[in-house]
Number of protein chains: 2
Amino acid sequence: MKIAIAQVNSHVGNFEGNLQRMLAAVETAKGQGADIVCFPELSIVGYPPRDFLEFDDFIRLAEETVEKLAAATNGVAVIVGSPSRNPMIEGKDLYNSAYFLAEGKVQFIQHKTLLPTYDIFDEYRYFEPAHEWNVFEYKGKRIALTICEDLWNVGNENPLYKICPMDEMMAQQPDLMINISASPFAYDHADERLHVMRTNVARYHLPLFYINQVGAQTEVIFDGGSLVLSPKGEILEELPYFEEVIKTYDLNAVMTGGPEVLQPKEKMPLMHDALVMGLRNYFGKLGFKKAILGLSGGIDSAIVAVLAARALGKDNVRVILMPSQFSSDHSVNDARQLAENLGVQFDIIPIQSVYESYEKVLEPHFWARPFNIAEENIQARIRGMLLMAFSNKFGHIVLNTSNKSELAVGYGTLYGDMCGGLSVIGDVYKTEVFELARYMNKDGELIPENIITKPPSAELRPDQKDTDSLPEYDELDPILYQYIEQRKSPEDIVEMGYDSLLVRRVLRLVNINEFKRHQTAPVLRVSSKAFGMGRRMPIVGKYLA
Amino acid sequence: MKIAIAQVNSHVGNFEGNLQRMLAAVETAKGQGADIVCFPELSIVGYPPRDFLEFDDFIRLAEETVEKLAAATNGVAVIVGSPSRNPMIEGKDLYNSAYFLAEGKVQFIQHKTLLPTYDIFDEYRYFEPAHEWNVFEYKGKRIALTICEDLWNVGNENPLYKICPMDEMMAQQPDLMINISASPFAYDHADERLHVMRTNVARYHLPLFYINQVGAQTEVIFDGGSLVLSPKGEILEELPYFEEVIKTYDLNAVMTGGPEVLQPKEKMPLMHDALVMGLRNYFGKLGFKKAILGLSGGIDSAIVAVLAARALGKDNVRVILMPSQFSSDHSVNDARQLAENLGVQFDIIPIQSVYESYEKVLEPHFWARPFNIAEENIQARIRGMLLMAFSNKFGHIVLNTSNKSELAVGYGTLYGDMCGGLSVIGDVYKTEVFELARYMNKDGELIPENIITKPPSAELRPDQKDTDSLPEYDELDPILYQYIEQRKSPEDIVEMGYDSLLVRRVLRLVNINEFKRHQTAPVLRVSSKAFGMGRRMPIVGKYLA
């Protein structure tokens, strides 16, 4: 038997688009001699479909699409993920299901048992867990079909669930395991995934085909990296990250085993490629082509410009330099140099005259009060407004350039530098921004060296430096990481050797700035804990605030 | 036995504040001769605590607070809600628990069984459901203690759950039921609540004490309205809405029964009072006093100004009139009249000079392109920026004045009229805005009649009317309601008699504007489906888009 992995990039709610993509994949797999083609979890509807699942009409369209795909299974079978209706009165109305389609119709359905409900996942919001587990037979092989999390309850020290679906299925003596997934990317997630799949094979001594979603849906990025494991646990294939792939495997060869084939897993290339795909898919799935951003001469906007040019093509990226009276000459020169290196359209719009027009109308009301954050923010907001004016006039999406460190401590201006349709690097700490810039320059100086080496500054008042308001980033970022990704307490972090007052101050800044993050653009998620849908905090909360 | 209902307003994460509030309530109840004082669900930590629950340190503080409250139970017992740790390795780390405290310590704990995971609720994200049900005895009475949703699985035609905790507890022959809740307000929710509680009493023939949270946590509003039911199902007490109350009842009198006492449940007074409390609590819990908003002469900003003056006091509200060249004289006069009627500070800042400064710097880039949405939005954004400048200079929170109809179809300017720290009427349709204005004027003309009767206009270009871009609101709002609150399909809505093209156009507008709503301030929730945490939609979704 020959099994094809179709690592495809579905689009949430785009039933016709998803169907066409799948029909093409089925043809490709047939050309490769496949007997069965496997698509990822919920790939009929795209993952995560979120509250669209509450619309009966959406489910009806999903069912129709499954029927249409089933109609194309002449000479080849298909496994695909889609919701199905729960016929019982009690419980949630839907299951998260894996369909086996052959000879023109639905032959078998297995529902998902373990429903992740943490971080970005809300599956228990929509789905009833499976209470029955069956193996099905095709061309003489008994197949144990599971969905994503269903395989993740083995080998854990702190299991989230009480049931292990594969344990239940083993009673029916399967010959192989197929797992269809929508397992999101995080830069440090790949090794855990390999470990979990190896643990399953070690426990059940069966070959395993693991088919993962690829592509981004708004903030959530799926990396692909689908796997084929021999019954001995050898990883015979790890498909490329961030690419659609259709590839067919001979089950006999998989049973025999062979040498391991693994993708490299270095943090910077992974992060870089994830962000490029995330950016590209956000534009592509919304039907937009052109991006605009403000180039300040700083490192954050620099790396966003590079990512945008790589994701969208340099002809689709426009940058605006908006110096004020506080901008240094080198900032303008550095920004201009970067724009020239990238070959993107750039314009210079000094903002001083607009700033003065605000000063004039506010003077009767602000009279005699000293220059403070109000005036700093006016500058940042003028820049945001100019970018939005271009967006409205020419149809660009504005790219937000805030990094994770700034978002964490609220070092940014709402409706100013925090504006934009997509936060490209809002899940990248400032120290990682520097690493990413170095990585981008590995084959030559794309980002002018001066942008990387000068001290970070918002340039909103004379001689301002980030360190006037914040600790050094190499001190700040590890504290943020412990609090945000690791959910450590202040006491735990102090015990690691950080200054107690500093820790309190940083954690307080994080918590009192929820109101700002609430109004931020969606953040491309590349870590295990990004701001946005995976981190849900009360704005009026008083803890550590 | 005398049982006190302590309908208190907890504050998420404010352990010390919550403890002090509870200790005072215990004293009050003791003064009323109570044997036992009952506080709402999770009232030690505030509801909903959201991802704070993932911090071990947060749970430790909750445990300490329970201990401190237990220490105060000399001569009176306490029932209170707080998380507790799951000692099993499998499953979620926490339970949502009801504690019975007496004689200085924790005597009994019952966990919550039915964990709402829909709309604003994420309980399965954090909690393991109860698998054991016990009744406890106090002063000779056997008490069945349940938490909120635990009582909501009776009398449903489409039950969400398979278990009914009270059915399990009946085997232990309880004498009375106590249910501690955090059941959020919606203007049409009260009757269902009464029905559910009556259904429980009809099934179990026991008296019922239902203790509900009061107060707002960011967008979620709890109305209180705690209940006492006789074993015959008479509602002997429905405590006031939107107020903290501590009141003690004699169980013998409750057993005997008596006449029903119910609060009025008219939509406009409920919505009005909910919004006033929501606004007041948002400021109070964040530690802010002063609000600012732009007064356009339109009805939306008018009713927000009235709500703010009532919630915060007129001396804490400042309004700015920001006319442009497109503003009509009557708008300015109407706004000024309203400010005078309310007695709030007002200033007039014409924006034309600032607008022209933008025109000038953009002219080389926009050359020869016609006036369009770009120029309209510049005006709205100048107003947003001026309000934010006051906020930054003087410490006001900017109030957002967008209504639900505008938010739904994207009729608003990001970073312009969509700015602000709190969306006060973002869950109030435009047709309801008119009703609310009429209600506010019931005792005399507070809002100038002209504001209510003139055709709605954004006044961003000459002679603009909302109906240039949108259908009439009395046609638009019912379509929105069917789609948003009722989750109907376009076909369903057309079948109700609405024009097919119009329905498609409206639903498409709703779906393509998710990106705008993503960046909106938290919306005070007064309906069964508000924009924000209770409605989770993919931005890149293609369904009906």
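For clarity, every value in this text was computed on a predicted model and none was experimentally measured. (Residues numbered from 1 in each chain as written. Chains lettered and ligands numbered in written order. Predicted model: local features only at pLDDT ≥ 70, side-chain atom pairs only at ≥ 80, totals over all residues.)

J.: Explain the environment of Val26(A) here, please?
T.: Residue and element names in this part refer to chain A. Looking at the element boundaries, Val26 is found in helix α1 (residues 15-31). Taking the number of C-beta atoms within 10 Å as the measure of exposure, Val26 has 25 and is therefore buried. For the pair Val26 and Phe39, spaced 13 residues apart in sequence, the C-alpha separation works out to 9.8 Å. (Helix = DSSP H or I, 4+ residues; strand = E, 2+ residues; numbered from the N terminus. Buried ≥ 20, exposed ≤ 12 C-beta atoms within 10 Å, placed from the backbone.)

J.: Sorry, what's going on with the interface of chain B and chain A here?
T.: Note on interface size: it is often stated as the accessible area lost on association of the parts. Taken together, the contact pairs 75 residues of chain B with 76 residues of chain A. When contributions to the side of chain B that touches chain A are tallied by element, the ones reaching two or more residues are α2 (56-71), α3 (123-126), α7 (267-286), α10 (352-366), α11 (373-394) and α19 (514-518) of chain B. Here the element with the most residues in the side of chain B that touches chain A is α11(B); it accounts for 11 residues. (Contact = placed C-beta atoms within 7 Å.)

J.: Explain the relation of the copies chain B and chain A here, please?
T.: Put simply, the two copies of the chain differ by a rotation about an axis and a shift along that axis. Superposing chain B onto chain A takes a rotation of 180 degrees combined with a translation of 0.0 Å along the rotation axis, leaving an RMSD of 0.0 Å. Taken together, these values place the two copies in the relation of a two-fold axis. Among all residues of chain B, the minimum C-alpha distance to the rotation axis is found for Gln519(B), at 2.1 Å. A high fraction, 100%, of the interface residues of chain B reappear at the interface in chain A, so the copies pair face to face through one surface. (Least-squares fit on C-alpha atoms with pLDDT ≥ 70 in both.)

J.: I'm lost on the sheet that holds strand β4 (residues 94-102) of chain A in this one. Help?
T.: Pairing between the strands of a sheet is mediated by backbone hydrogen bonds and can be parallel or antiparallel. Residues and elements named next belong to chain A. Strand order in this open sheet of 6 strands is β5-β4-β3-β2-β1-β14, and the pairing throughout is mixed. Each edge of the open sheet carries a strand with a single partner, namely β5 (105-111) and β14 (245-250). Adjacent strand axes in the sheet meet at a mean angle of 30 degrees, parallel and antiparallel pairs treated alike. Here strand β1 (residues 2-7) runs beside β14; their pairing, made up of 6 bridges, is antiparallel. Looking at the pairing, Ala4 lines up with Thr248 of β14. In the packing of α1 onto the sheet, the strands contacted are β1, β2 (36-38), β3 (77-85) and β14, and the crossing angle to β14 comes to about 35 degrees. Across the sheet, helix α2 (residues 56-71) lies against β3, β4 and β5, angled at about 165 degrees from β3, the strand it touches most. (Pairing = 2+ DSSP bridges. Axes fitted to C-alpha atoms, helices over the stretch in contact; angles between N-to-C directions.)

J.: Would you mind going over the domain arrangement of chain A with me for this structure?
T.: All names here are of chain A. Domain boundaries assigned for chain A yield domain 1 (2-255) and domain 2 (271-470). With centres defined by C-alpha atoms, the gap from domain 1 to domain 2 works out at 40 Å. If you list the elements that add at least two residues to the side of domain 1 that touches domain 2, you get β10 (214-217) and β11 (220-223). (Domains from an automatic or database assignment.)

J.: When you look at the packing of helix α8 (residues 299-312) of chain B against helix α13 (residues 430-440) of chain B in this model, what are you seeing that I'm missing?
T.: Two measures define how a pair of helices packs: the angle their axes make with one another and the distance between the axes. All names here are of chain B. Orientation of α8 relative to α13, taken along the N-to-C sense of each, is 45 degrees, at an axis distance of 10 Å. Our classification of the angle between α8 and α13 gives oblique. Crossing of α8 over α13 shows left-handed handedness. Every residue of α13 that contacts α8 at Ile299, Asp300, Ala302, Ile303 and Val306 is listed here: Val433, Phe434, Leu436, Ala437 and Met440. Residue composition of the contact of α8 with α13, by class: 9 nonpolar, no polar and 1 charged. (Parallel < 35°, antiparallel > 145°, perpendicular 65-115°, else oblique. Left-handed = near helix turned anticlockwise from the far one by under 90°. Nonpolar A, V, L, I, M, F, W, Y, C, P; charged D, E, K, R; others polar.)

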